[in-house]
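Analysis of the macromolecular model
What follows is the residue order along each chain.
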Amino acid sequence: MIDSSALKIRTGGPEDVPAILSLLDGAVAWLAGQGRTGQWGDQPFSTTPARVEHIEQYGREPFLIRLAVDTEGRTVGSCVLSEDRGKYIPAVAERELYVRNLVTDRTRRGSGIGAALIADAVEEARRRGIGLLRVDCYGGADRKLVAQYRALGFTETETFEVEQPNGVWPGQVLAIRL
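Read on for a plain summary of the structure. Keep in mind that this is a model prediction, so the values were computed, not measured.

Next up on the list: the pattern of salt bridges. When the charged atoms of two side chains lie near each other, side chains of opposite charge can form a pair. Following the criterion strictly, the structure yields 19 salt bridges and no others. Across the salt bridge formed by Glu 83 and Arg 128, the nearest N and O atoms sit 3.0 Å from each other. Taken together, the residues span a long stretch of sequence, with Glu 83 in the loop between β3 (75-82) and β4 (97-104) and Arg 128 in the loop between α3 (113-127) and β5 (132-138) at a distance of 45 residues. On the basis of relative accessible area, Glu 83 is assigned to the partly exposed category, the value being 34%. For Arg 128, a relative accessible area of 22% translates into the label partly exposed. Put simply, Glu 124 and Arg 128 hold a salt bridge, and the shortest N to O gap is 2.7 Å. The buried category is assigned to Glu 124, whose relative accessible area is 11%. Residues joined in a network through salt bridges with shared partners are Asp 70, Glu 72, Arg 74, Asp 105 and Arg 108.

Summarising the element assignment, Asp 70 is placed in strand β2 (residues 64-70). Judged by its relative accessible area of 7%, Asp 70 falls in the buried class. At 2.8 Å, the side chain of Asp 70 and the backbone nitrogen of Arg 74 are in polar contact. Ignoring anything within four residues of it in the chain, the contact list for Asp 70 reads Ala 6, Val 76 and Arg 108.

When a strand is regular, its side chains alternate between the sheet's two faces. Most of β2 sits out of view: seven of its seven residues are buried. The alternating pattern of β2 places Leu 64, Arg 66, Ala 68 and Asp 70 and Ile 65, Leu 67 and Val 69 on opposite faces, both of which are buried. In terms of strand pairing, strand β1 (residues 7-11) meets β2 through five bridges, oriented antiparallel. Within β2, the position partnered with Thr 11 by the bridge is Arg 66. In the sheet, β2 pairs with β3 via six bridges, with the strands oriented antiparallel. By the bridge assignment, Ala 68 is partnered in β3 with Gly 77.

Let's shift gears to the packing of aromatic side chains. Per the counting criterion, the structure on display carries five aromatic pairs. Relative to Trp 169, the ring of Phe 160 has its centre 6.1 Å away and its plane inclined at 45°; by these criteria the two rings are tilted. Judged by its relative accessible area of 9%, Phe 160 is buried. Using a relative accessible area of 13% as the deciding quantity, one classes Trp 169 as buried.

If you trace the backbone, Thr 104 turns up in strand β4. In this structure, the C-alpha to C-alpha distance between Thr 104 and Leu 23, residues 81 residues apart in sequence, is 6.3 Å. Apart from residues lying up to four places away in sequence, Thr 104 is in contact with Leu 23, Val 76, Gly 77, Ile 113, Gly 114 and Leu 117.

The subject of this paragraph is the sheet that holds strand β7 (residues 167-177). Taken together, the seven strands give an open sheet; going across it, the order is β1-β2-β3-β4-β5-β7-β6, and neighbouring strands pair in mixed fashion. The strands lining the two open edges of the sheet, one partner per strand, are β1 and β6 (155-164). Strand-to-strand twist across the sheet, computed as the mean angle between neighbouring axes with direction ignored, equals 25°. Bridging between β4 and β5 involves three bridges; their strand directions are parallel. Within β5, the residue paired with Tyr 98 across the bridge is Arg 134. In the packing of helix α1 (residues 17-33) onto the sheet, contacts are made with β2, β3 and β4, and the angle to β3 comes to roughly 105°. Relative to β5, helix α4 (residues 144-151) is tilted by about 160°, and along the sheet it contacts β4, β5, β6 and β7.

Conventions we followed
- Residues numbered from 1 in each chain as written.
- Predicted model: local features only at pLDDT ≥ 70, side-chain atom pairs only at ≥ 80, totals over all residues.
- Heavy atoms only, no water.
- Salt bridge = Lys/Arg side-chain N within 4 Å of Asp/Glu carboxyl O.
- Helix = DSSP H or I, 4+ residues; strand = E, 2+ residues; numbered from the N terminus.
- Buried < 20%, exposed > 50% of the residue type's maximum accessible area, 1.4 Å probe, protein only.
- Polar contact = N/O pair within 3.5 Å; in protein donor to acceptor, adjacent residues only side chain to side chain.
- Contact = heavy atoms within 4.5 Å.
- Pairing = 2+ DSSP bridges.
- Phe/Tyr/Trp six-rings, centres within 6.5 Å; stacked < 30°, edge-to-face > 60°.
- Axes fitted to C-alpha atoms, helices over the stretch in contact; angles between N-to-C directions.

Below, the structure is given as structure tokens:
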């Protein structure tokens, strides 16, 4: 696990979009290096204008960017939160905080950065008086990402599918009840 004194969680903004894109590019390269391209393909986020615009939207309302920063000031993780779940996710009949994007530096895999960001998201939900934290992720292939979210305290709920030009993208929704 990461030493909490070596990591600071702070609120980010539009100026942090390049760091988030860099983290996403690293994650895509890491996944592609393992032959796991079903989640995000094999092309860097930063080279696809639609993906760049999508991440740039996170720098505006109603999104809250939370960043994990190491002692040297490097961004090593990002978690984007919103009370808006997005268009593909089944609605719930209560207020929720939704993890719209979670990514960590793949060179620091297993160091607890993701766990720290999810703990921070739980605290943000509590601060807002919200009793439900949800996330969705790629639910295909080996389901390793689903298992990772389970290890972070989430429970699987419903599945969904998104039609894409190269086929169906299988999604899994997970939740933490506070």
